[in-house]
Every structure is written in C-alpha cells, then in structure tokens.
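# Residue-level structure breakdown
Single-letter residue listing:
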Amino acid sequence: MRNSLGLVLAILVAVVLIGLFSALFSVYQTQQALVLRLGEPIRVIEEPGLHAKIPLIDSVIFVDKRILDLENPSQEVIAADQKRLVVDAFARYRIVNPLRFYQSVGTIDAANSRLATILNSSLRRVLGESTFIEVVRDQREALMARIRDQVNREAAGFGIDVIDVRIRRADLPEANSQAVFQRMQTERQREASEIRAQGAEAAQTIRSRSDRDSTIIVAEANATADQLRGEGEAQRNEIFAQAYNQDRGFFDFYRSMQAYEASLKGSDTRMLLAPDSEFFRFFGNPAARPATPAGAAAAPATSSAPLAPAN
C-alpha cells in the first residue's frame, strides 16, 4: 500500500514539474513571441525574459526581430531609353508586427519569396521610367529611395518594415558592354587625335611666331651693331685725324710700329722686300722723312698697311 502511494506521489510530482516546465518559456533579445491558444493568437510578447503560458493549450511562435536580408537574383530590366540593364539589388527589412506577419505569410522563407516578387516588380516599374544614365550615375540614390518606398507600402500588409533597398550593380549585358566600350574607346581616340592636332597647330603657330620674332630681333640687333660700329669707326677716324694733325711724324711712327708688330708676330715669318723699301724706312732713317723731288709739294705721310707675310 505504501509503495503504491509513493508511486502515485512520484507520478504527481513529475506531472507537476512537467506542467511547470511546459508553462514557462524564454524570449531572447533577438526574438519576439506570439502566443496561440488552440491555434488562435491571444498576445504578442516583445520584451525579452521569462514568460508563462497554459500547458497543452497555448503554443508559442518565435519571430526574429533583427534586421533581415533579402538577396534578389540578377535580372534584366529595360530602361526608358530602351537599353537593357542587368540589375543586382538587395533589401533589408524588419518584422514589426508579428501577428500580421504570422497571419499573412507565416514564415521568413515565405516572406522572402513574397518580398522578392514585390521587389522585382518595383525595380522594373521604377527603372523602366528612367534612362540608363539616370540609373547608373545621375539619380541612382533617388531611384533606390523610390523603390524602397514602393516595396515598403506593399510589405506593410505583411507586418514588415522595409528599411533599405540597394542596387548593388546596374550594368549593360556583356555583349552590349563590349560594344559600348569599343564605341567609347573610338570616341576617346578621336578626341585625342583632335587634341593632338590642335596642339600641333598651336605649337607650329608659336614656333613660327618665335622664329619671326627672333629674326626681327636679330635684324634689329645687327642694324644697331652696324650703326654703333659705324659710329665707332667714325670716331676712330676722327681721333686718328686729330692725332695726325697734332704731330704727323709721331703718328707715322706709331702706325709703322703697329704694322711691324702685326707683320713680325709669327716665329718663322719671312718677308721679301727691298732694303730701301718704304716699309722699313724707320730702320735706316730714324727721321723717316723721304726725299721729295724739287718743286714737288711734300705730301703728308700716311699709314701703310703691312704686306702679307710669306710663310
């Protein structure tokens, strides 16, 4: 009898422990819970911690409340200028209403499938109204914001808040990309050729102007030099004339000494001259006064240019 009573008490304790264990559940920081009673939702738990439910009657469905990613496969979109684009986009969303989420889609996989369809439709609709340049460069941020707003409006019925939609890549198909690249390369080469031609023309113009200016400058310099040289020659001749008029004998002597110095400068100079030559008059006649015929006027002695030495 005692053994039977102990067994019954043990069974009762076990049932109570099992009931207590099944009546308690924990909600983590990254989760939110939906409590169902006989399949009907009765409450939503968003705060983390230990919570209670009725065993065997209530069930708990946990829903992730972190930011979730939706990866969308690449697809072709026709832009407003009839250019085909390969668009790779993704979205980030958060479940903000677990009850509506459970009633509309049920699971995250089902939500990703529904959101992917909505995202694809929004991409085609928004990008189909824009040109290639707007999608790739000019209005990319604004277009992504429009797509996000449209997807968010449609996803609100699922209890989902779409945080961001991004276009990771928007390019032309491979065949079109090669054609565009070749066309761009041809245009750049043409522009480079035009720039080189313009540079060569400018260089030739500058070079011609410089040659003309240098010719003018050299001509003016030569003219100035000739003028100065002529003025110097005139002054020199005037000085020689003044010196000659002051002392003609000394002038003749000085000029002869200069002629001797210029003629006898070489170490092996040879000259074939008569001993009584006028050139050597200062060697034999210190006065250097040539005899003048009777009745003839004495002509002033002039400087004689030295004869060319014979080597």
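Treat the numbers as computed from the prediction; the structure is a model and nothing was measured.

Here is what the cut-offs are and how they apply
- Residues numbered from 1 in each chain as written.
- Predicted model: local features only at pLDDT ≥ 70, side-chain atom pairs only at ≥ 80, totals over all residues.
- Heavy atoms only, no water.
- Helix = DSSP H or I, 4+ residues; strand = E, 2+ residues; numbered from the N terminus.
- Contact = heavy atoms within 4.5 Å.
- Axes fitted to C-alpha atoms, helices over the stretch in contact; angles between N-to-C directions.
- Parallel < 35°, antiparallel > 145°, perpendicular 65-115°, else oblique.
- Left-handed = near helix turned anticlockwise from the far one by under 90°.
- Core = buried A, V, L, I, M, F, W, Y, C linked by side-chain atoms within 4.5 Å.
- Buried < 20%, exposed > 50% of the residue type's maximum accessible area, 1.4 Å probe, protein only.
- Salt bridge = Lys/Arg side-chain N within 4 Å of Asp/Glu carboxyl O.
- Pairing = 2+ DSSP bridges.

## Section: the side chain of Asp58
Structurally, Asp58 can be placed in strand E5 (residues 58-64). The contacts of Asp58, once residues within four sequence positions are left out, are Val35, Leu36, Arg37, Ile42 and Lys53.

## Re the packing of helix H3 (residues 108-127) against helix H5 (residues 140-155)
Viewed as axis vectors pointing N to C, H3 and H5 meet at an angle of 140 degrees, and their least axial separation amounts to 9 Å. Relative to H5, H3 is oriented oblique. Here H3 and H5 pass one another in a crossing that is right-handed. Here H3 contributes Leu115, Ile118, Leu119, Ser122, Leu123, Arg125, Val126 and Leu127 to the contact with H5, which in turn contributes Leu143, Arg146, Ile147, Gln150, Val151, Glu154 and Ala155.

## Quick look at the nonpolar core
Among the nonpolar cores identified, the biggest contains 35 residues, and Leu119, Leu123, Leu127, Ile147, Ile160 and Ile167 are the most heavily contacted of them. Contributing elements (two or more residues each) for this core: strand E6 (68-71), strand E8 (84-95), H3, helix H4 (132-138), H5 and strand E9 (160-171). The leading source of residues in this core is H3, at eight residues. Aside from chain neighbours lying at most four places away, what touches Leu123 is Asn72, Gln75, Val77, Val87, Ala89, Gly128, Ile147 and Ile167. Among the nonpolar cores identified, the runner-up in size contains five residues, and Phe25, Ala33, Val35 and Ile45 belong to it.

## Considering the pattern of salt bridges
Under the defined criterion, the tally for this structure stands at 18 salt bridges. Of the charged contacts, one joins Arg84 and Glu76 as a salt bridge, the two residues approaching to 3.3 Å between their closest N and O atoms. You can call Glu76 partly exposed: its relative accessible area is 38%. The network of salt bridges with shared partners includes Glu71, Asp88 and Arg168.

## Details of the sheet that holds E5
Pairing in this open sheet of three strands is antiparallel, and the strands run E3-E2-E5 from one edge to the other. Edge positions in the sheet fall to strand E3 (40-45) and E5, since each of these pairs with one other strand and no more. The sheet shows a mean angle of 25 degrees between the axes of neighbouring strands, taken without regard to direction. With five bridges connecting them, strand E2 (residues 31-37) and E3 associate as antiparallel partners. By the bridge assignment for E3, Arg37 is matched with Glu40.

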